[in-house]
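Fold and contact review
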Amino acid sequence: MIKHLLSAADLDADTATLILDTAGEMAALAEREVKKLPTLRGRTVVNLFYEDSTRTRISFEAAAKRLSADVINFSAKGSSVSKGESLKDTALTLQAMGADAVVIRHPASGAPDRLSSWVDGSVINAGDGTHEHPTQALLDAYTMRSRLGKLDGLNVAIVGDVLHSRVARSNVLLLTTLGAKVTLVGPPTLIPLSPGAAVSYDLDSVLPGADVVMMLRVQTERMQDSYFPSAREYSRRYGLDAARMRRLPEHAIVMHPGPMNRGMEIAPEVADSKRSTIVEQVANGVSARMAVLYLLLGGKA
Ligand code: ASP
């Protein structure tokens, strides 16, 4: 097993499949009345969050607690980071406290990688800048596999602000490793060239052939320039509303990593429809992160 999870590229097909299978077993645990396993008793997991997050932070916390680990939540606000402490000094503090795993979210791409050279424990990337978010890709792959039965050969359209999306980057890497075909869809200003993925600027032509549509949040907080004329224009061309959703095949699912801009990239009636897996994704996130913590910290399949 790998020691750190910094990028979805760290996962070959066998390792990724093992994580997804283990997540399945963890999900079965969630059905039980007592949702706890003793496996990580006595181990310490630190959540080191330099950027806001709701889902991801709570999800890692729930995952570590269900495995009986001790969890320390560290947020940059209200800590010595706001006094200018460097990532390296924070890392040395965590090291001195004997963290077995550090889950890090940071606005700078590459921060988890740097951290992994300063601490002895496992480092898990929970989102670094516009770079990667590998556990999101794992929970997304898990969700697709449980809804559609397989990943190999699936047609997945990833739609919207791909340029600023660490979710998209990690998904392209993991999905192509697992045999899915990915098409990136959006305005040309927001679609970077991405090895392994096809590109389209026309959402309507992609929908009839898609098994999965993954809508991305338009990340205005990371935009320094204007990438499209107006929110209304964006939504008209690339937003998924009920009329567009009808172009999808019967079995197709609609995903979104959250947080959503309802009414912008996704209409409320789509987000709340039967095809939508948005709430499932959150639940699956806990199982996927349990599997990652369990396997990285030495658990057996
Ligand atoms: N929650 C995801 C992330 O942290 C997606 C987003 O923020 O749009 O990358």
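Below or above, wherever it landed, is the structure these notes cover. Computed from a predicted model, the values in this text were never measured in an experiment.

1. Let's talk about the overall build of the protein
Scanning the protein from N- to C-terminus turns up eleven helices and nine strands. Against the 2.2 N^0.38 benchmark of 19 Å for 301 residues, the protein shows a C-alpha radius of gyration of 19 Å, consistent with a compact globule. In the protein, which comprises 301 residues, the proportion classed as buried is 55%. Look at the contacts in the protein between residues 6 or more apart in sequence, and 74% of them connect residues 24 or more apart. On the protein, roughly 12,900 Å² of surface is accessible, and the fraction owed to carbon and sulfur atoms is 51%. Counting 34 positive and 33 negative side-chain charges, the protein places the centres of these two groups 3 Å from one another.

2. Thoughts on the side chain of H106
Summarising the element assignment, H106 is placed in strand β3 (residues 101–106). The buried category is assigned to H106, whose relative accessible area is 14%. From its side chain, H106 meets the backbone nitrogen of A108 in a polar contact 3.0 Å long. Setting aside residues no more than four positions away along its own chain, H106 makes contact with Y50, E51, A111, G127, D128, G129 and R166.

3. Some thoughts on the site of the ligand
The ligand sits among R105, H133, R166, V167, R217, Q219, G258 and P259. In this structure, an oxygen atom belonging to the ligand sits 2.9 Å away from a side-chain N or O atom of R105. Between R217 and the ligand, the recorded distance is 2.8 Å, taken from a side-chain N or O atom to an oxygen atom. About the coverage of the ligand: the protein hides 93% of its 260 Å² of free accessible area. The class makeup of the residues in the shell around the ligand is two nonpolar, three polar and three charged.

4. Topic: the pattern of salt bridges
Enumeration over the complete set of coordinates arrives at twelve salt bridges. With its nearest N and O atoms 3.7 Å apart, the salt bridge here joins D100 to R43. With a gap of 57 residues between them, D100 in the loop between α3 (87–96) and β3 and R43 in the loop between α1 (13–30) and β1 (44–49) connect regions that are remote in the sequence. Since its relative accessible area comes to 23%, D100 is described here as partly exposed. On the accessibility criterion, R43 (27% relative accessible area) is partly exposed.

5. So, helix α2 (residues 55–66)
Between its first and last C-alpha atoms α2 spans 16 Å; for twelve residues at 1.5 Å apiece the expected length is 16 Å, and the two agree. Where α2 is concerned, the buried positions are T56, S59, F60, E61, A63 and A64. Contacts made by the buried residues of α2 are with β1, β2 (70–75), β3, β4 (122–128), α5 (134–148) and α11 (278–296).

6. What to know about the sheet that holds strand β6 (residues 181–185)
Strands sit in the order β7-β6-β5-β8-β9 across an open sheet of five strands; the sheet is parallel. With one partner strand each, in any of the chains shown, β7 (197–200) and β9 (253–255) form the two edges of the open sheet. If you compare each strand with its neighbour and ignore which way they point, the axes differ by 25° on average. Set on the sheet, α5 makes contact with β5 (155–159), β8 (212–215) and β9; between it and β9 the angle comes to about 165°.

7. Focus: the nonpolar core
The biggest cluster of nonpolar side chains holds 57 residues, and the ones touching the most others in it are M144, I158, L174 and L293. Counting residues per element, this core draws most heavily on α11, which supplies eight residues. Setting aside chain neighbours within four positions, we find L174 in contact with A8, L11, A16, A137, L138 and A141. If you look at the next biggest cluster of nonpolar residues, it comprises 27 residues, including V218, M264, A267 and V270.

8. Regarding the packing of aromatic side chains
Pairs of aromatic rings are described using the distance from one ring centre to the other and the angle between the two planes. Taken as a whole and judged by the stated rule, the model has three aromatic pairs. An angle of 50° between the planes, with centres 6.3 Å apart, marks the rings of Y50 and F74 as tilted. Within this pair, whereas Y50 is found in the loop between β1 and α2, its partner F74 is found in strand β2, the two being separated by 24 residues in sequence. As far as burial versus exposure is concerned, Y50 and F74 are alike and both buried.

9. Concerning the environment of T177
Its location among the elements puts T177 in helix α6 (residues 166–177). Overall, T177 belongs to the partly exposed group, its relative accessible area being 33%. For the pair T177 and D12, spaced 165 residues apart in sequence, the C-alpha separation works out to 6.7 Å.

About the criteria used
Residues numbered from 1 in each chain as written. Predicted model: local features only at pLDDT ≥ 70, side-chain atom pairs only at ≥ 80, totals over all residues. Heavy atoms only, no water. Helix = DSSP H or I, 4+ residues; strand = E, 2+ residues; numbered from the N terminus. Rg over C-alpha atoms; globule rule 2.2 N^0.38 Å. Buried < 20%, exposed > 50% of the residue type's maximum accessible area, 1.4 Å probe, protein only. Contact = heavy atoms within 4.5 Å. Areas by Shrake-Rupley, 256 points an atom, 1.4 Å probe, with all protein chains shown as cover. Lys, Arg positive; Asp, Glu negative; His and termini not counted. Charge placed at Lys NZ, Arg CZ, Asp CG, Glu CD. Polar contact = N/O pair within 3.5 Å; in protein donor to acceptor, adjacent residues only side chain to side chain. Near = heavy atom within 4 Å. Nonpolar A, V, L, I, M, F, W, Y, C, P; charged D, E, K, R; others polar. Salt bridge = Lys/Arg side-chain N within 4 Å of Asp/Glu carboxyl O. Expected span 1.5 Å × (residues − 1). Pairing = 2+ DSSP bridges. Axes fitted to C-alpha atoms, helices over the stretch in contact; angles between N-to-C directions. Core = buried A, V, L, I, M, F, W, Y, C linked by side-chain atoms within 4.5 Å. Phe/Tyr/Trp six-rings, centres within 6.5 Å; stacked < 30°, edge-to-face > 60°.

Note that all results are geometric; they support no functional claim without further evidence.
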